[in-house]
Amino acid sequence: KQQLEQQQEKQQLEQQQQHMDSSYDEPFGDVSSEIEDRLVVVTRQIETGIEGFVEQLVPSLPGSQPATAEEREAIDAAAHQLIREVWEVVDDNYLDARSSGWDRTRWAQIRDGALAKHYSDTTAAHRAVREMIAFGLNDPYCRFIQPSELQSMKKYDVTGVGLNLGTAEEYVLKTNRALPDDRPTGPSGVFVVGLSKNSPADKVGMEQGDQLLEVDGASLQDKTPFQVASAIAGADPSTSSSAQLNSYVQLKVRKLDGSEADVRVERPVRQISSPVSSSLGKMGGEPVGILRLTSFNARAQRDLASAIVSLEKQGAKSFVLDLRDNRGGLVSEGLEVARLFLEGSSPLVYTESRSIPAGVPRAQSPALTHLPLMVLVNEHTASASEIVAGALQDNCRAVLVGNRTYGKGLIQSVYELSDGSGMVLTVGKYLTPNHTDIDRSGIRPNFSSKPSLQAAAETLQACQAPRT
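First things first, this report covers the structure right here in the doc.

Thresholds applied
Residues numbered from 1 in each chain as written. Predicted model: local features only at pLDDT ≥ 70, side-chain atom pairs only at ≥ 80, totals over all residues. Heavy atoms only, no water. Pairing = 2+ DSSP bridges. Helix = DSSP H or I, 4+ residues; strand = E, 2+ residues; numbered from the N terminus. Axes fitted to C-alpha atoms, helices over the stretch in contact; angles between N-to-C directions. Contact = heavy atoms within 4.5 Å. Phe/Tyr/Trp six-rings, centres within 6.5 Å; stacked < 30°, edge-to-face > 60°. Lys NZ or Arg CZ within 6 Å of the ring centre and 35° of its normal. Salt bridge = Lys/Arg side-chain N within 4 Å of Asp/Glu carboxyl O. Buried < 20%, exposed > 50% of the residue type's maximum accessible area, 1.4 Å probe, protein only. Polar contact = N/O pair within 3.5 Å; in protein donor to acceptor, adjacent residues only side chain to side chain. Disulfide = S-S within 2.5 Å.

### Things to note about the sheet that holds strand 12 (residues 373–377)
(1) Moving on: Reading across from one edge, 8-9-10-12-13 is the order of the five strands in this open sheet, with mixed pairing throughout. On the outer flanks of this sheet lie strand 8 (276–283) and strand 13 (398–402), each paired with one strand and no other. Mean inter-strand twist for the sheet, computed between neighbouring axes without regard to direction, equals 25°.
(2) Moving on: Direction of pairing for strand 10 (residues 318–322) relative to strand 12: parallel, over a ladder of four bridges. By the bridge assignment, Leu321 is partnered in strand 12 with Val375.
(3) Moving on: Packed onto the sheet, helix 10 (residues 300–313) meets strand 8, strand 9 (286–293) and strand 10 and runs at close to 30° relative to strand 8.

### A few points about unusual backbone geometry
(1) Moving on: Positioned with a positive phi, Ser99 is a non-glycine residue whose angle comes to about 50°.
(2) Moving on: As for its position among the elements, Ser99 is in the loop between helix 3 (69–93) and helix 4 (104–115).

### Section: the packing of aromatic side chains
The geometry of an aromatic ring pair is captured by two quantities: the separation of the ring centres and the angle between the planes.
(1) Moving on: Applying the stated criterion to the full structure yields two aromatic pairs.
(2) Moving on: Residue placement shows Arg111 over the ring face of Trp87; its charged tip is 4.3 Å from the ring centre.
(3) Moving on: Directly above the ring of Tyr248 sits Arg264, whose terminal nitrogen or CZ lies 3.8 Å from the centroid.

### Structural notes on the environment of Lys117
(1) Moving on: On the secondary structure map, Lys117 appears in the loop between helix 4 and helix 5 (122–136).
(2) Moving on: C-alpha of Lys117 to C-alpha of His80: the two residues are 37 residues apart in sequence and 8.9 Å apart in space.
(3) Moving on: Apart from the residues lying within four places of it in its own chain, the contact partners of Lys117 are Asp76, His80 and Glu131.

### A look at the pattern of salt bridges
(1) Moving on: One pass over the full model with this rule turns up 14 salt bridges.
(2) Moving on: A cluster of three or more residues bridged by salt bridges with shared partners is formed by Glu207, Asp210 and Lys255.

### Concerning the environment of Glu149
(1) Moving on: Relative to the helices and strands, Glu149 is located in helix 6 (residues 147–153).
(2) Moving on: Overall, the relative accessible area of 28% leaves Glu149 in the partly exposed class.
(3) Moving on: Spatially, the C-alpha atom of Glu149 lies 8.8 Å from that of Gly422, the residues being 273 residues apart in sequence.
(4) Moving on: A distance of 2.8 Å separates the side chain of Glu149 from the side chain of Arg143, its partner in a polar contact.

### So, the state of the cysteines
(1) Moving on: Considering all chains together, one arrives at one disulfide under this definition.
(2) Moving on: Here Cys396 connects covalently by a disulfide to Cys463, the sulfurs 2.0 Å from one another. Taking the torsion about the sulfur-sulfur bond, which here is approximately -75°, the covalent link between Cys396 and Cys463 counts as left-handed. Pair noted here: Cys396 is in the loop between helix 12 (384–394) and strand 13 and Cys463 is in the segment after helix 13 (453–462), with a separation of 67 residues, a long-range link.
(3) Moving on: For Cys463, a relative accessible area of 27% gives the class partly exposed.

These values are about where atoms sit, not about what they do.
Written out as structure tokens, the structure reads:
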């Protein structure tokens, strides 16, 4: 009955989408996005319900059951541990950013219901977790990840060796653990916040809480976690035919007990395609550097910086940054891209979260270029791209041209679970420097079509940057 009711709800939502009146005050895209999100949630609920129903009807194949009572108890205990782990991750970190009605008491009840069952294999345990997420969180972006999928997602690890790095403040907030008194505090220092199991760093004995002091003999004094991650990753062989990537990186770390250790970490060779293409064009009779950025992977900032320098040498008098159809990627790379054009104490983005430090990332260092900038956006510009566009627009550094952006302002974190699986969880949302909520509403451009250089300059002159 419940499954039939869910199917009927899905059909009703589909009919609403087909007959939606586009004359509403709020844009059709926003309403359509809400319906699509709801459809995803309902579909997942139906799928998990069917899986559970089939599991009850179809008996286990001969020989598929554990041979001994001890084995059965071990599998059941591991399943219960996984369920408690998922409940705790959500209870501690989830942010109901879209006010979908998440209730902590009901979430605990769903946990208790899952713990009341017995599980004969890992597949059944994973199905139980999917059911918890589907029925406990009305969030289309929260989902369970199979171990194989989690391994493929690790290609986005910026360090390449399985380290998630952060400041002292980020370590304390994300782990709920205090650092020894003699360690840096606040937004300083570089610490291991998280570690991927069986990664190169894990295999040489690196641990959560390790403070990084040196990379290949170079001091990390005043370095940011992103800069350290890039140094650990090293050169990318695909950036140049002559570039050489050392197969190991030497790290000096300070352990939580105060001892120091030198560790030699294998650096896997990674081939990451460049998301940047560039060319020299004309606008208003003057040479303009055209920068196309398709995503924010580990090469985005590095390759974009190289393209900027190259185009300036070729005589570019202004830049066009094309973020159309860029769906996002690594937010850390997005912030570094914004810093190429901003300087001083300009705020880049604000976050609303239960588990992310309250500090505001800022431009910090001098901008790489001060030439006039225009940013192209459309309805498929999303996530990290919207953070960059919002930072450049609100800080009066660039005008935005095109259609309103997609409106994906939620923050998702990936949590690795004890059995090698994982889950994607919404933990916050982004606001532009002027505190515009990016999620669903998106960012409005200054112009719908390319303006003259004079019109763009006049718009920036009239712009008021946020107070820092």
